[in-house]
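Chain residues, written in single-letter form:
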Amino acid sequence: MKMDLKKIKETGAEYLFQNYGRAELAFTHGKGAYLYDAEGREYLDLVAGIAVNSIGHSHPRWVEAMRDQVSKLAHVSNLYHVGEQAELAEKVAAIAPGGLKRSLFVNSGAEANEGAMKLAVRYTGRGKIMSALNGFHGRTSASLGATGQTKYQETFEPLISGAYRYYGFGDIESVKGMIGKDTAAVMVEPIQGEGGVVTASADFFKGVRDLCTDNGALMVADEVQTGVGRTGRWFGMDLHGVVPDVMTLAKGLGGGAPIGAVVTTDEISKVMTPGSHGTTFGGNPLVTRSASVVIDVIREEGLVGNADGLGREWMAELGAIRSDKVRDVRGSGLMIGVELDSEATAAAVKGAMLDKGILVNVCHGNVLRLIPPLIISRGQKDAFMSAFKDVI
């Protein structure tokens, strides 16, 4: 049954949890970097499902693969060997840094982070997890505990009691003062996405790497938003020349299919023996085939390079705007944050851009976050810049 926006809203209001603040929009289909609503209006999509639709909407290669896979096998239990899962694991190992070659596939970024924490506790025999203030690692119980923002934690306490310590992002002395022989893992995002597209120096990440090594703790890089080409490198930690002990992936890996991954070394992976961890849906044939196609398309179409080159141009052009409403421009590749002077300005800009047919996201109150499909073109970037200059 075809449903217009009014009908969708009415049905949702009656039957859905009301836990999302939704825009007055419902889309019927997408193509490339564009989405279309029921009236046929076109929107340039610079949100990409929150950094998920890495190869855009309805990429021909992806559509063909999904049709083929659905016609054969969508799901089979991990009680059996899964060919598509093994193929994806090999492809992830080929692009992962250092000795990170073993993958555990799950269903989301939060689940990947929970799995990484369980892995660290089991491997080290310790119980403390360190994570950054202003970070974000998910909304499930353990991942929420690692999310160093009280606004997400309030009303859900008590979380897992005593397990977490929060250091200052970019402050190596803060990490040094907290890490110890009871620390199982130090979790870090290469760029704090939900925290406002906040970056830190290469020296900070190298310092965390050294402290983890010296103290026998695992360095866990949350690459849920930064991974798979988003930053102009395959992984955000590649920007800093640092190899973590564990990486977590999700979002752009599946290109729209719900998948997460914990990626680590041979040695560390061995502690997860049969029965120690698992998931019913994780790594099923459909989602792993999807992720395999995403990696293939990113590689073959040079999308990591596109993210790097176009991102540099974009940030330079945004930085050249002279306006007291623009406080800062930061990020890497096609993960760009434009800090505006107030939450009111950010909300107004988001609304005005929507009126011009351009979808943008606001995070951390006053930061315009640009996380488009990696296939975005220079012409589409220019269309945004023209509209943004008018609006600002």
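Everything numeric in this text was worked out from a predicted model, so none of it was measured.

Colleague: Mind showing me how you'd approach the layout of surface pockets here?
Modeller: Empty space among the atoms can be located by rolling a probe the size of a water molecule over them. By volume, the second largest pocket amounts to about 890 Å³. Lining the second largest pocket we find 29 residues, and of these Gln85, Ser103, Leu104, Phe105 and Met272 sit closest to its centre. Of all the secondary-structure elements, those providing two or more residues to the lining of the second largest pocket are α4 (83-95), β4 (102-106), α5 (109-124), β12 (260-264) and α10 (266-269). Element by element, the count of residues in the lining of the second largest pocket is highest for β4, at four residues. Classifying every residue of the lining of the second largest pocket gives 11 nonpolar, 14 polar and four charged.

Colleague: What is the right way to look at the packing of aromatic side chains in this model?
Modeller: Each aromatic ring pair is specified by the distance between its two centres and by the angle formed by the two planes. Overall, the coordinates contain seven aromatic pairs when judged by the stated rule. Summarising the aromatic geometry, the rings of Tyr167 and Phe204 are spaced 6.3 Å apart at their centres and angled 40° between planes, so their arrangement reads as tilted. Note that Tyr167 is positioned in strand β6 (residues 164-167) and Phe204 in helix α9 (residues 202-215), a separation of 37 residues in sequence. Given a relative accessible area of 0%, Tyr167 falls into the buried group. Exposure remark for Phe204: the relative accessible area of 2% places this residue in the buried category. Aromatic pair Trp314 and Phe384: ring centres 5.5 Å apart, planes at 65°, arrangement edge-to-face. One end of the pair, Trp314, is in helix α12 (residues 303-319); the other, Phe384, is in helix α14 (residues 378-391), and 70 residues separate them in sequence. Taken as a pair, Trp314 and Phe384 share a single burial class, namely buried. By way of ring pairs, the aromatic residues Tyr167, Phe169, Phe204 and Phe205 are connected into one cluster.

Colleague: I'm lost on the sheet that holds strand β1 (residues 27-31) in this one. Help?
Modeller: Hydrogen bonding along the main chain pairs the strands of a sheet, whether they run parallel or antiparallel. Strand order in the open sheet made by the four strands is β1-β2-β3-β15, with mixed pairing throughout. In this open sheet, the two strands that pair with only one neighbour each are β1 and β15 (358-359). Relative to strand β2 (residues 34-37), β1 runs antiparallel, the two being bridged by four bridges. What sits directly across from His29, in β2, is Tyr36.

Each value, and the rule that gives it
Residues numbered from 1 in each chain as written. Predicted model: local features only at pLDDT ≥ 70, side-chain atom pairs only at ≥ 80, totals over all residues. Heavy atoms only, no water. 1 Å grid on protein atoms, 1.4 Å probe; cavity = no way out; pocket = protein on both sides within 12 Å on 5 of 7 lines; lining within 4 Å. Points joined across faces, edges and corners; volume = space filled by probe spheres on them. Helix = DSSP H or I, 4+ residues; strand = E, 2+ residues; numbered from the N terminus. Nonpolar A, V, L, I, M, F, W, Y, C, P; charged D, E, K, R; others polar. Phe/Tyr/Trp six-rings, centres within 6.5 Å; stacked < 30°, edge-to-face > 60°. Buried < 20%, exposed > 50% of the residue type's maximum accessible area, 1.4 Å probe, protein only. Pairing = 2+ DSSP bridges.

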